[in-house]
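Summary of the model geometry
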Amino acid sequence: MIFGPTPLEEAEGAILAHAQAVMGKRLRKGAVLTVADIALLRDQGLEAVVAARLEPGDLHEDRAAQRIAAALQGPGLEAGEPFTGRANLFSAVDGVLSLDRARLERLNGLHEGLTVATLPPFARLTPKRMVATVKVIPFALPEAVVAEAEALAGAGEGEAPLVGAAFHPKRLVLVQTRLSDTADKMLDKTVRVTADRMASLGGALVGEHRCAHDAAELAGVLSSVLAEDPPDILAVAGASAIVDRGDVIPEALRLAGGVVQHLGMPVDPGNLLMLGRAGDTAVLGLPGCARSPAMNGFDWVLDRLCANLPATGREIMAMGVGGLLKEVAERPRPRVAEAHPAVPGAPRVGVVLLAAGLSSRMGGANKLLLDWREKPLVAHVADAALAFGPVAAIAVVGHRGPEVRAALEGRALTFVENPNPARGLSSSLKLGLSTLPGGLDAVAVCLGDMPGISPRILKRLVAAFDPGEGRSICLPTFGGARGNPALFDARFIPEILEVEGDRGARPVIQAHGAEVVEVPVDALAEGAGVLMDVDTPEAAAKLRGLDGA
């Protein structure tokens, strides 16, 4: 890759290194310069720009990041669309992250322009949680480096370096021992906390027993549970902590025919945990902290058991690095009583589908109900908008509302009626935005008469969205022209609701030009889709002439 000042006569196809404002238009960093862009730069009086030019054997940053992310991606994960040299991997499951630390460290050592950042090993996963990000630092990587990274990612014994290990519905029985001064209130709380833990993992607490803190009596209870209907996990919460393999709980397990595999763990709180087995049942002697809902060593072992990942003495002894969970003096604020705090993930996006228009230019037909490829136009838009997984989707209907609703039947849409669609698009937009739930990061506005949009276009807009980097309004472009749908930071909703007249969100886009990012659409069919709205008979005829690609 050649990087540096580039004469304009050599700049066609080069990648702009720094954003440039020219003639009222903003050329974004990373834009591939066209003849039209160069003309604007020349009219501005410039003779050269700082740019990157790919050489034979170079791979564009987006393609490089996409290929490496695909090589890293194992079961239980899904990839986002690449943008600005970044490709993210997200969890598709409730589960635990399993990773190959050695391969990932070697991957990060291949080339200074390639970085891979992940969550910690065995991090708790929920759908849409970000698991890893591949970032290409320069505008391109040598294809040879990308190929080497792909080979390294595939160098394991059939398993990818990153896997989302899904939780399986495990059955747990809890046994609690008591001394003369043990309070029932504490035992009852332990039952509730344990049931909540299992429910959060997709499993269930299926039984609970209480007995004296005596090895022989406890052994009888364990033997009975194991003989009647052995659970996947048998957890024993003792009235007194386990301090030796000869203590009450380990001895009871031995008398019941089980075996102690490991005692103690380098996680605090959670040091005094016992791991054992009786047949196919994992047996855990719980540390006292397991009675609390706060994260502790019991969670780390339980997560692995419920995800069908190894949980042996060897794995437990490797938990020490990062295993200090106890509050310390340097962290004076008390820990929130939450086992798994909120973490970054995919943006929470809502959709507003505008489908209330009068179709006044169609000569009497409702454009949204025109049949194309065996379903109404508006159904194509709805299916594309729902396919990328929005948190909520609002459809605003008005003109011939019952027919439009019928065309969208069975889809996960919340309908709102515009009683006066003649007031124009803005009135429908405001109704849709006002109906969205709170807590969203962004909203995508889709026009019901643009059936050529695809889920991939929406995914690319979401991938580009990053308010922290100044990308708060994302617009697709084709051939230099801006199209639809548009993706807005949710913080702009109140501002859009204040817009007067039938101007939609255009005043907000104009007022925040520095936060607008244009997302180029390269494929011809998708490019036509972001620009073509079917609002005249001529446009409908042109749509029917598309080749379906």
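Residues numbered from 1 in each chain as written. Predicted model: local features only at pLDDT ≥ 70, side-chain atom pairs only at ≥ 80, totals over all residues. Heavy atoms only, no water.

A closer look at the pairing of strand 19 (residues 274-278)
Across the five residues that make up strand 19, a large majority, four, are buried. As defined by bridge partners, strand 18 (residues 259-263) adjoins strand 19 across four bridges and the pair is classed as antiparallel. Bridged to His-262 within strand 19 is Leu-275. Bridge count for strand 19 against strand 20 (residues 281-286) is five bridges, and the pairing is antiparallel. By the bridge assignment, Met-274 is partnered in strand 20 with Gly-285. (Buried < 20%, exposed > 50% of the residue type's maximum accessible area, 1.4 Å probe, protein only. Helix = DSSP H or I, 4+ residues; strand = E, 2+ residues; numbered from the N terminus. Pairing = 2+ DSSP bridges.)

Thoughts on helix 6 (residues 215-228)
The terminal C-alpha atoms of helix 6, which comprises 14 residues, lie 20 Å apart, in line with the 20 Å expected from a rise of 1.5 Å per residue. For helix 6, the full list of buried residues reads Ala-215, Leu-218, Ala-219, Val-221, Leu-222, Val-225 and Leu-226. Taken end-on, helix 6 shows its buried residues confined to a sector of 165°, consistent with a single buried face. Within helix 6, the exposed residues directed more than 90 degrees away from the buried face are Ala-216, Ala-227 and Glu-228. Turning to helix 6, the residues buried within the fold contact strand 15 (171-178), strand 16 (204-212), strand 17 (233-237), helix 7 (248-255), strand 19 and strand 20. Where helix 6 starts, the residue carrying a side-chain oxygen 3.1 Å from the main-chain nitrogen of Ala-216 turns out to be Asp-214. (Expected span 1.5 Å × (residues − 1). Arc of directions from axis to C-beta. Contact = heavy atoms within 4.5 Å. Polar contact = N/O pair within 3.5 Å; in protein donor to acceptor, adjacent residues only side chain to side chain.)

Observations concerning the sheet that holds strand 14 (residues 162-166)
Read from one edge to the other, the open sheet built from three strands follows the order 11-9-14, with strand pairing classed as antiparallel. In this open sheet, the two edge strands, each paired with only one partner strand, are strand 11 (124-125) and strand 14. Pairing of strand 9 (residues 95-99) with strand 11 involves two bridges; the strand directions are antiparallel. Paired with Gly-95 across the bridge in strand 11 is Leu-125.

Quick look at the packing of aromatic side chains
Using the criterion set out here, one finds zero aromatic pairs in the structure. Its guanidinium or amino end placed over the ring of Phe-122, Arg-304 lies 3.4 Å from that ring's centre, counting from NZ or CZ. (Phe/Tyr/Trp six-rings, centres within 6.5 Å; stacked < 30°, edge-to-face > 60°. Lys NZ or Arg CZ within 6 Å of the ring centre and 35° of its normal.)

Digging into the pattern of salt bridges
This model, assessed by the stated rule, comprises 22 salt bridges. Note that Arg-171 and Asp-229 form a salt bridge whose closest N and O atoms lie 2.7 Å from each other. In this pair, Arg-171 sits in strand 15 while Asp-229 sits in the loop between helix 6 and strand 17, placing the two residues 58 residues apart along the sequence. The closest approach of N and O atoms between Asp-299 and Arg-197, which form a salt bridge, is 2.7 Å. Highlighted residues: Asp-299 in helix 8 (residues 297-306) and Arg-197 in helix 5 (residues 184-200), separated in sequence by 102 residues. In terms of burial, Asp-299 and Arg-197 fall into one category: buried. When salt bridges with common partners are traced through the structure, they connect Arg-67, Glu-143 and Glu-150 into a single cluster. (Salt bridge = Lys/Arg side-chain N within 4 Å of Asp/Glu carboxyl O.)

Remarks on the nonpolar core
Counting residues in each nonpolar core, the largest one holds 60 residues, and the members touching the most others are Leu-408, Leu-487 and Phe-488. Not counting residues up to four positions away in its chain, the partners in contact with Phe-488 are Asp-441, Ala-442, Val-443, Val-445, Phe-465, Ser-472, Ile-473, Ile-496, Ala-505 and Ile-509. The next biggest cluster of nonpolar side chains, apart from the first, holds 29 residues, and it includes Val-267, Leu-275, Phe-298 and Leu-325. (Core = buried A, V, L, I, M, F, W, Y, C linked by side-chain atoms within 4.5 Å.)

Digging into the side chain of Thr-177
Residue placement: Thr-177 occurs in strand 15. One polar contact links the side chain of Thr-177 to the main-chain amide nitrogen of Ala-239, over a distance of 2.7 Å. For Thr-177, the residues in contact, after removing those within four places along its chain, are Leu-187, Cys-211, Ala-212, His-213, Leu-218, Ala-237, Gly-238 and Ala-239.

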